[in-house]
Amino acid sequence: MPINCYYMPTKVFAGDNVIRTTKEEWKLFGGKAIIITSPNSADKSGALLDLQAKLAEEQIKVSYFKQVEENPSFQTVLKAAKQGREFAADFVIGIGGGSPLDCAKAVAVLLKYEETAFSTIELGKKLLMSAQKSVAPLIAIPTTAGTGSEVTPYAVITDREEQVKKTLPTKIFPALAYLDPTYLLSLEQFYRLSTGLDALAHGIEGYLSVQANMFSDTWAEQCFREFARVKTILVKKDIDIQEARSLLFFSNYAGFVIAQTGTSLPHGLSYSLTVKKNLPHGFACALFLVPYLKMHPWQQKVERLLKLCNFENLEDLANWLKSSGIKMPSLEEAEVIAFAKEMFLNTAKLQSFPRSVSYEEIFMLYQQKNIV
């Protein structure tokens, strides 16, 4: 029997109105917090209102940073971290989807640096690319069901100058995560589908990764069972609270998977489309799921995951993706060449695949006109 390992130090609280009803955890990290979020999602979902009430009750002082954009940049991270240091924040709270949570993780790293760390963007890049042992405590509150960032150690930051996404080498598990399905009720269907596709990609890529083990496979298979229940919910205009609960746990299970395995080819291939073609992350990942499953050598596992997701075969999955509106953007030949070269240098994603992948294969994946 091979060695299996599972590590996930985040303490997770889940349930309706969970922030307002938990008490014992809030004063563990100090008396001052910086809240990292986007301009609208935390307010619209009701998460910020719940959090404000709880922090006031616990007499925790707060500084707000509400400027996180989609695919947060180095510039945004540095600005937020500088604000947190000037406020002398003891810990960080991230509210929202993957972008605010990723930004909050990066801020948790940079709070530990000296003030001179914020002198230039280039210095900021170097600091974010160097692993650190010490980070500020982080609380994660997701308002979407997709990234699973509340239970993973990863943060992806966009370099606007180089037009690439970069994963922080520092592994930053949140200390606490609060999962409240009521926050998903205000999420627009477009974002519910996009984030749900991201979660599906997490489950699939983790299940078929060379890093997969008995623990991650257990979570992945539970993720697929949940997906079989939520795939119709992803395309509905409105959802109820029970449907929101199913979506949130589906995403959370997928997060448990990639916390152990990381992601693979679909995620690596998606980054160029997200940064350079402005395609939402979940849609960009979904474009490559069917060809990824076709080329994967572990076909017995592929068949099992399709069955658990309640798909008859790959064609059934492809048809579901098409019906959801997944479509490859038009790419010039120069773009295909550039994207393929960039992906071919992404050794972390390539090494998660059970066999070597050639540049020509990557080129063909980008070149397909109707990739699903």
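Above this text sits the structure in question.
Structure report, in brief. (Residues numbered from 1 in each chain as written. Predicted model: local features only at pLDDT ≥ 70, side-chain atom pairs only at ≥ 80, totals over all residues. Heavy atoms only, no water.)

### A few points about the overall build of the chain
A count of helical and extended segments in the chain gives 17 helices and eight strands. Relative to its length of 372 residues, the chain is compact, with a C-alpha radius of gyration of 20 Å against a globular reference of 21 Å. The dimensions of the chain, computed from C-alpha atoms along their principal axes, are 55 × 45 × 45 Å. Within the span of the chain, comprising 372 residues, buried residues form 58% of the whole. Accessible area of the chain: about 15400 Å², with a carbon and sulfur share of 53%. (Helix = DSSP H or I, 4+ residues; strand = E, 2+ residues; numbered from the N terminus. Rg over C-alpha atoms; globule rule 2.2 N^0.38 Å. Buried < 20%, exposed > 50% of the residue type's maximum accessible area, 1.4 Å probe, protein only. Areas by Shrake-Rupley, 256 points an atom, 1.4 Å probe, with all protein chains shown as cover.)

### A closer look at the packing of helix H8 (residues 214-230) against helix H13 (residues 299-308)
Helix-helix packing is described using two parameters, namely the angle between the two axes and the distance between the axes. Put simply, H8 and H13 touch, their axes get as near as 7 Å, and they point 40° apart. The angle between the axes of H8 and H13 places the two elements in the oblique class. Between H8 and H13, the residues in contact are Asp 217, Glu 221, Phe 224, Arg 225 and Ala 228 and Lys 301, Arg 304, Leu 305 and Leu 308, respectively. (Axes fitted to C-alpha atoms, helices over the stretch in contact; angles between N-to-C directions. Parallel < 35°, antiparallel > 145°, perpendicular 65-115°, else oblique. Contact = heavy atoms within 4.5 Å.)

### Observations regarding the nonpolar core
One finds Ile 204, Phe 224, Phe 227, Leu 265, Leu 273, Leu 293 and Tyr 366 to be the most contacted residues of the largest nonpolar core, which totals 72 residues. Residue contacts for Phe 227: discarding those within four places in its chain leaves Leu 200, Leu 234, Phe 250, Cys 309, Phe 311 and Trp 320. One finds Leu 78, Ala 81, Phe 87 and Leu 110 within the second-largest nonpolar core, a separate group that totals 29 residues. (Core = buried A, V, L, I, M, F, W, Y, C linked by side-chain atoms within 4.5 Å.)

### Looking at the packing of helix H10 (residues 265-277) against helix H15 (residues 333-344)
At a minimum axis distance of 10 Å, the contact between H10 and H15 shows a crossing angle of 135°. The pairing of H10 with H15 is recorded here as oblique in orientation. Of the two elements, H10 crosses H15, and the hand of that crossing is right-handed. Only Glu 335, Phe 339, Glu 342 and Met 343 of H15 make contact with H10, whose side of the interface consists of Leu 265, Gly 268, Leu 269, Ser 272, Leu 273, Lys 276 and Lys 277. Among the residues forming the contact of H10 with H15, the class breakdown is five nonpolar, two polar and four charged. (Left-handed = near helix turned anticlockwise from the far one by under 90°. Nonpolar A, V, L, I, M, F, W, Y, C, P; charged D, E, K, R; others polar.)

### Remarks on the packing of aromatic side chains
Applying the stated rule across the entire model yields 20 aromatic pairs. An angle of 45° between the planes, with centres 5.8 Å apart, marks the rings of Phe 227 and Phe 250 as tilted. Placement of Phe 227 in helix H8 and of Phe 250 in helix H9 (residues 241-261) is noted, with a sequence separation of 23 residues between them. Taken together, the aromatic side chains of Trp 219, Phe 249, Tyr 253 and Phe 256 make up a single cluster linked through ring pairs. (Phe/Tyr/Trp six-rings, centres within 6.5 Å; stacked < 30°, edge-to-face > 60°.)

### A few points about the pairing of strand S7 (residues 164-167)
Bridging between strand S6 (residues 156-159) and S7 involves four bridges; their strand directions are antiparallel. In the sheet register, Thr 158 faces S7, and the bridge partner there is Lys 165. (Pairing = 2+ DSSP bridges.)

### Structural notes on the pattern of salt bridges
This model, assessed by the stated rule, comprises 17 salt bridges. Ionic pairing is found between Asp 43 and Lys 66, a salt bridge with its closest N-O pair at 3.6 Å. Residue Asp 43 is located in helix H2 (residues 41-45), and its partner Lys 66 is located in the loop between strand S3 (61-65) and helix H4 (74-87); the two are separated by 23 residues in the primary sequence. Residue Asp 43 is classed as partly exposed on the basis of its relative accessible area, which comes to 41%. According to the relative accessible area criterion, Lys 66 is partly exposed, its value standing at 30%. We note a salt bridge from Lys 277 to Glu 335, for which the minimum N-O separation is 3.2 Å. You can see Lys 277 sitting in helix H10 and its partner Glu 335 sitting in helix H15, a full 58 residues away along the chain. For Lys 277, a relative accessible area of 27% gives the class partly exposed. Linked through salt bridges whose partners overlap, the residues forming this network are Asp 159, Glu 162 and Lys 166. (Salt bridge = Lys/Arg side-chain N within 4 Å of Asp/Glu carboxyl O.)

### What to know about helix H3 (residues 47-57)
In an α-helix, one turn spans 3.6 residues, which is why side chains three or four residues apart end up on the same side. For H3, the complete set of buried residues consists of Ala 47, Leu 48, Asp 50, Leu 51, Lys 54 and Leu 55. Take H3 and look down its axis: the buried residues cluster within an arc of 160°, on one side only. Counted as exposed and oriented over 90 degrees from the buried face of H3: Leu 49 and Ala 56. Phi turns positive, to about 60°, at Gln 59, one or two residues after H3. (Arc of directions from axis to C-beta.)

### Comments concerning H15
The end-to-end C-alpha distance of H15, which contains 12 residues, comes to 16 Å, matching closely the 16 Å that a straight helix rising 1.5 Å per residue would cover. Considered for burial, the residues of H15 that qualify are Val 336, Phe 339, Ala 340 and Met 343. Down the axis of H15, the buried side of the element spans an arc of 100°, and every buried residue falls inside it. With respect to the buried face of H15, the exposed residues turned more than 90 degrees away are Ala 334 and Lys 341. Contacts from the buried residues of H15 go to H10, helix H16 (347-351) and helix H17 (359-367). (Expected span 1.5 Å × (residues − 1).)

### With respect to the pairing of strand S5 (residues 138-142)
Within S5, five of the five residues are buried, leaving the element largely enclosed by the surrounding structure. The alternating pattern of S5 places Leu 138, Ala 140 and Pro 142 and Ile 139 and Ile 141 on opposite faces, both of which are buried. Pairing between strand S4 (residues 91-96) and S5: five bridges, direction parallel. By the bridge assignment, Ile 95 is partnered in S5 with Ile 141. In terms of strand pairing, S5 meets strand S8 (residues 176-179) through two bridges, oriented parallel.

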